[in-house]
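# Structure assessment
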Amino acid sequence: MSTPHMTATRAEVCVVACAEAWRGDGEILASPMGLIPRIGAGLARLTFSPELVLSDGEAYLMAGDTVEGWLPYRAVFGVVAAGTRHVMMGASQVDRYGNQNISCIGDWERPRSQLLGVRGAPGNTVNHATSYWVPRHSPRVFVERVDMVCGVGYDRPGGRFHEIRVVVTNLAVLDFATPDGAMRVRSVHPGVSVADVRAATGFPLVVPEDVPQTRAPTDEELALIRDRLDPDGTRAREVP
């Protein structure tokens, strides 16, 4: 493997961090929701996780531009029930135990803002691996208590197959590898300090004594991102 390329952008570091979420998953359905996660899943498939199954977000199973199979929406529920899926969702709010909100801001009986709705978040977080992508890390997203629980966190009964793997943001990678399932800083992106992450979070984070830097893409990965997966550079619109 080639050495990391020193001129990688923050967006490209985020792509690699998202790709790493699927490392070692084997032959499962990867469901990336959002631009950076989609590029990340494609990068994982082309490099260290070739067994990943990717869809076009509707019904086709894809290998790049090649259609590999057909997975109509009704069949996705069978995949979810079997636990053979790892979704990377967005989050309007996340709290210290990984409870996620995409439904509303404010009292649910009379919210200040109506969002997407609960959708499939509860089922995702009780039966197979779930990760989150947050392109703008701020105290408005990382809150002490979410206004409505959509995705289930570690302070609630989640069942045998409950796993929130990582939360990737434009500043850091976070996980829940703590005794009580509280959010922990796994790594900070190049140019970001732990203090920056703490200041952008609305609750105390668990911070290990030694926090590594999120790895930069290799030359090979950069070439795939820039020339094959996102030649138009749309990643920079999500993470400038």
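For the structure itself, look to the data block above.
These notes cover the structure that comes with them. (Residues numbered from 1 in each chain as written. Predicted model: local features only at pLDDT ≥ 70, side-chain atom pairs only at ≥ 80, totals over all residues. Heavy atoms only, no water.)

## A closer look at the packing of aromatic side chains
Between two aromatic rings, the relevant description is the distance of the centres plus the angle of the planes. The tally for this structure, following the rule as stated, stands at two aromatic pairs. Measuring from centroid to centroid gives 5.6 Å for Tyr60 and Trp70, while their planes differ by 65°, and the two rings are edge-to-face. Taken together, the residues Tyr60 in strand 3 (residues 60-63) and Trp70 in strand 4 (residues 66-70) connect sequence positions ten residues apart. Owing to a relative accessible area of 40%, Tyr60 belongs among the partly exposed residues under this scheme. The exposure class of Trp70 is exposed, given its relative accessible area of 55%. When the centroid spacing of 5.5 Å and the interplanar angle of 45° are considered together, the rings of Tyr154 and Phe176 count as tilted. Residue Tyr154 is located in the loop between strand 10 (130-134) and strand 11 (164-169), and its partner Phe176 is located in the loop between strand 12 (172-175) and strand 13 (184-188); the two are separated by 22 residues in the primary sequence. Using a relative accessible area of 29% as the deciding quantity, one classes Tyr154 as partly exposed. With relative accessibility at 7%, the residue Phe176 sits in the buried group. (Phe/Tyr/Trp six-rings, centres within 6.5 Å; stacked < 30°, edge-to-face > 60°. Helix = DSSP H or I, 4+ residues; strand = E, 2+ residues; numbered from the N terminus. Buried < 20%, exposed > 50% of the residue type's maximum accessible area, 1.4 Å probe, protein only.)

## As for the sheet that holds strand 1 (residues 29-32)
The mixed open sheet is built from nine strands, whose spatial order is 4-3-2-1-5-10-11-12-13. Each of the sheet's edge strands pairs with one partner strand only, and the pair in question is strand 4 and strand 13. In this sheet, adjacent strand axes meet at a mean angle of 30° when their direction is disregarded. In this sheet, strand 12 lies alongside strand 11 in antiparallel orientation, the contact comprising two bridges. Residue pairing for strand 12: Val167 is matched across the bridge by Leu174. Where helix 1 (residues 10-21) meets the sheet, it contacts strand 5 (85-89), strand 10, strand 11 and strand 12, and its direction lies at approximately 175° from that of strand 11. (Pairing = 2+ DSSP bridges. Axes fitted to C-alpha atoms, helices over the stretch in contact; angles between N-to-C directions. Contact = heavy atoms within 4.5 Å.)

## A short note on helix 3 (residues 73-82)
Every buried residue belonging to helix 3 is among Val76, Val79 and Val80, and all of these are buried. Down the axis of helix 3, the sector holding all buried residues measures 100°, keeping them to one side. Turned more than 90 degrees away from the buried face of helix 3 sit Arg74, Phe77, Ala81 and Ala82, all of them exposed. Buried residues along helix 3 sit in contact with strand 1, strand 5 and helix 4 (121-127). One or two residues past the end of helix 3 sits Gly83, with phi positive at roughly 75°. (Arc of directions from axis to C-beta.)

## Quick notes on helix 6 (residues 219-229)
Of all the positions in helix 6, only Glu221, Leu222, Leu224 and Ile225 are classed as buried. Projected down its long axis, helix 6 shows its buried positions confined to an angular sector of 160°, all on one face. The exposed residues of helix 6 that point more than 90 degrees off its buried face are Asp227 and Arg228. Its buried side turned inward, helix 6 meets helix 1, helix 2 (35-46) and helix 7 (235-238).

## Some words on the pattern of salt bridges
A full pass over the atoms with the stated rule returns twelve salt bridges. The salt bridge involving Arg215 is made with Glu20; its shortest N-O contact spans 2.7 Å. In this pair, Arg215 sits in the loop between helix 5 (194-199) and helix 6 while Glu20 sits in helix 1, placing the two residues 195 residues apart along the sequence. Owing to a relative accessible area of 28%, Arg215 belongs among the partly exposed residues under this scheme. Of the charged contacts, one joins Asp230 and Arg235 as a salt bridge, the two residues approaching to 2.9 Å between their closest N and O atoms. Here Asp230 and Arg235 have matching classes, each one buried. Within the structure, one salt-bridge network assembled from shared partners comprises Glu12, Arg226, Asp230 and Arg235. (Salt bridge = Lys/Arg side-chain N within 4 Å of Asp/Glu carboxyl O.)

## Topic: the packing of helix 1 against helix 2
Where helix 1 meets helix 2, the closest approach of the two axes is 7 Å, and the angle between their N-to-C directions is 60°. As far as their axial angle goes, helix 2 and helix 1 are oblique. Helix 2 is crossed by helix 1, and the crossing has right-handed handedness. In this structure, helix 1 contributes Ala11, Cys14, Val15, Val16, Cys18 and Ala19 to the contact, and helix 2 contributes Ile36, Pro37, Ile39, Gly40, Leu43 and Ala44. Among the residues forming the contact of helix 1 with helix 2, the class breakdown is eleven nonpolar, one polar and no charged. (Parallel < 35°, antiparallel > 145°, perpendicular 65-115°, else oblique. Left-handed = near helix turned anticlockwise from the far one by under 90°. Nonpolar A, V, L, I, M, F, W, Y, C, P; charged D, E, K, R; others polar.)

All quantities given are derived from atomic positions and should not be read as evidence of function.
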